[in-house]
Amino acid sequence: MPVVRVLRRVACWMLQSPACGCRAPVLPSRFLGTSPRQIPMDANFHSTSFSEADQQRVLITGGLGQLGVGLASFLRKRFGKDNVILSDIRKPPEHVFLSGPFIYSDILDYKNLREIVVNNRITWLFHYSALLSAVGEANVSLARAVNITGLHNVLDVAAEHGLRLFVPSTIGAFGPTSPRNPTPDLCIQRPRTIYGVSKVHAELMGEYYYYRYGLDFRCLRYPGIISADSQPGGGTTDYAVQIFHEAVKNGRFECNLKPDTRLPMMYIDDCLRATLEVMEAPAESLSMRTYNISAMSFTPEELAQEVLKHVPELQVTYSVDPVRQAIADSWPMNFDDSNARKDWGWRHDFDLPELVTTMLNFHGPESRVAQAN
Ligand SMILES: NC(=O)C1=CN([C@@H]2O[C@H](COP(=O)(O)OP(=O)(O)OC[C@H]3O[C@@H](n4cnc5c(N)ncnc54)[C@H](O)[C@@H]3O)[C@@H](O)[C@H]2O)C=CC1
Ligand SMILES: CC(=O)[C@H](N)C(=O)O
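Residues numbered from 1 in each chain as written. Chains lettered and ligands numbered in written order. Predicted model: local features only at pLDDT ≥ 70, side-chain atom pairs only at ≥ 80, totals over all residues. Heavy atoms only, no water.

(A) Geometry of the site of ligand 1. Of all residues adjacent to ligand 1, which total 26 residues, the nearest are Gln-66, Asp-88, Arg-90, Asp-106 and Tyr-195. Here Arg-90 contributes a side-chain N or O atom positioned 2.8 Å from an oxygen atom of ligand 1. Between ligand 1 and the protein, one listed contact pairs an oxygen atom with a side-chain N or O atom of Lys-199 at 2.9 Å. The protein chains hide 94% of the 820 Å² of surface that ligand 1 would expose on its own. Secondary-structure elements contributing two or more residues to the shell around ligand 1 are β6 (169–170), α7 (194–213) and β8 (224–226). Considering only residue class, the shell around ligand 1 consists of 13 nonpolar, 9 polar and 4 charged. (Near = heavy atom within 4 Å. Polar contact = N/O pair within 3.5 Å; in protein donor to acceptor, adjacent residues only side chain to side chain. Areas by Shrake-Rupley, 256 points an atom, 1.4 Å probe, with all protein chains shown as cover. Helix = DSSP H or I, 4+ residues; strand = E, 2+ residues; numbered from the N terminus. Nonpolar A, V, L, I, M, F, W, Y, C, P; charged D, E, K, R; others polar.)

This is the structure:
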């Protein structure tokens, strides 16, 4: 290709933005030289022999946290038990170990990650490893390493091996100068936590690799996720999970956010379904690579009122954690997910009343709730 034409296309690629509606990398990777780690060009896209119709081979990083085990079980129903590999740096509980393939993987160890992808012929990668907002503030250097350096390793492995890559972002990728009610997909993003900064970095790097190397990067900004059978990993929205555990266990709950703190939230089933749906969406339906998704938005007081309908004896008190409160006060109150709804048909199933009954019913007949009903 004549040099002038290549340069013209490079300039065009640099001027494009996801907002302009371009739906494919403007410049294919073959015009742009080698992959990010200078792997020889012919080593790119090992997996191109896998067509869309082929069986996916899935790797989940950071899979032992609040969301990963649920994601593995959801994806195993779709792709088969042995085709979904859960990984983490922690030792899995027995029921997880027995439920399907599990391997050790530290995302800071690039060679180990590459070996896993190659040996297991991975085609799709769900990158869940992270330090969340509150624990991130308590250990900034570890959060920087895991959330930023780890992401670089994942991006490189994914680009080199032609993987489809899902990286979750968060409501925490916005900050006090973003519009908060509602928060659109594209607006100012100046978060004040290392977690938020690292997630904006992930969004931008993923989109850069998409345009620059053709990496099939897909990203959803999750609200606070509420799950019944897994514990949250140290975030600002954790209270909305803990209230259920405490309500059924001892009928008392001390909330670490103020009663009127409004945040977007979602039940885990909606979150996992959205994740698979965006991964399976035809590329041409995606006008962007990073989407807000939303389901409901409530305050601790509103959540407590809904729980009280089922557990009238529940006592809720407030003891505000200033770190979490400052973070929550800088985050979106309502999330605008109209682009996800328009482009790939996103619809949530769970609003607050369904969330509360589902969470309380999960704990079964021996719970205080069931006894009270
Ligand atoms: N749970 C939520 O409400 C939300 C979660 N997300 C995102 O979803 C993803 C999963 O979230 P959770 O499961 O809640 O997180 P979590 O904090 O519960 O779990 C994260 C996992 O990462 C693992 N990890 C830490 N360092 C690692 C390393 N060096 N190598 C490999 N694994 C490592 C941890 O052992 C842990 O099991 C994260 O990226 C998070 O930012 C986004 C928005 C909301
Ligand atoms: C909303 C999130 O990203 C997470 N749950 C946190 O509170 O840090």
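(B) Structural view of the sheet that holds strand β12 (residues 296–298). Reading across from one edge, β8-β10-β12 is the order of the 3 strands in this open sheet, with mixed pairing throughout. This sheet does not close on itself; its edge strands, each paired only once, are β8 and β12. In this sheet, adjacent strand axes meet at a mean angle of 45° when their direction is disregarded. In this sheet, β12 lies alongside strand β10 (residues 263–267) in antiparallel orientation, the contact comprising 3 bridges. Counted as the bridge partner of Leu-263 is Phe-298 from β12. Of the strands in this sheet, β8, β10 and β12 touch helix α8 (residues 239–250), which is tilted by about 20° from β8. Packed on one face of the sheet, helix α13 (residues 352–362) meets β8, β10 and β12 and runs near 80° to β12. (Pairing = 2+ DSSP bridges. Axes fitted to C-alpha atoms, helices over the stretch in contact; angles between N-to-C directions. Contact = heavy atoms within 4.5 Å.)

(C) Expanded view of the site of ligand 2. As a structural note, the neighbourhood of ligand 2 is formed by Leu-132, Ser-133, Thr-170, Ile-171, Tyr-195, Gly-224, Gly-235, Thr-236, Thr-237 and Trp-331. Taking Thr-236, its main chain carries an N or O atom lying 2.6 Å from an oxygen atom of ligand 2. Relative to its unbound accessible surface of 260 Å², ligand 2 loses 94% to contact with the protein.

(D) Focus on the pairing of strand β1 (residues 58–61). Of the two faces of β1, the one carrying Val-58 and Ile-60 and the one carrying Leu-59 and Thr-61 are both buried. As judged from the 3 bridges shared by β1 and strand β2 (residues 84–88), these two strands associate in the parallel manner. Bridge pairing links Ile-60 to Leu-86 in β2. The pairing of β1 with strand β4 (residues 124–127) spans 4 bridges and is classified as parallel. Each bridged residue has a counterpart across the sheet, and for Ile-60 the counterpart in β4 is Phe-126. (Buried < 20%, exposed > 50% of the residue type's maximum accessible area, 1.4 Å probe, protein only.)

(E) Representation of the nonpolar core in the model. The biggest cluster of nonpolar side chains holds 70 residues, and the ones touching the most others in it are Ile-60, Phe-244, Phe-298, Leu-303, Val-307 and Trp-344. Those residues within four positions of Val-307 in sequence are excluded, and the remaining contacts are Ile-243, Phe-244, Ala-247, Leu-314, Val-356 and Leu-360. Among the nonpolar cores identified, the runner-up in size contains 28 residues, and Leu-151, Ala-158, Leu-215 and Phe-217 belong to it. (Core = buried A, V, L, I, M, F, W, Y, C linked by side-chain atoms within 4.5 Å.)

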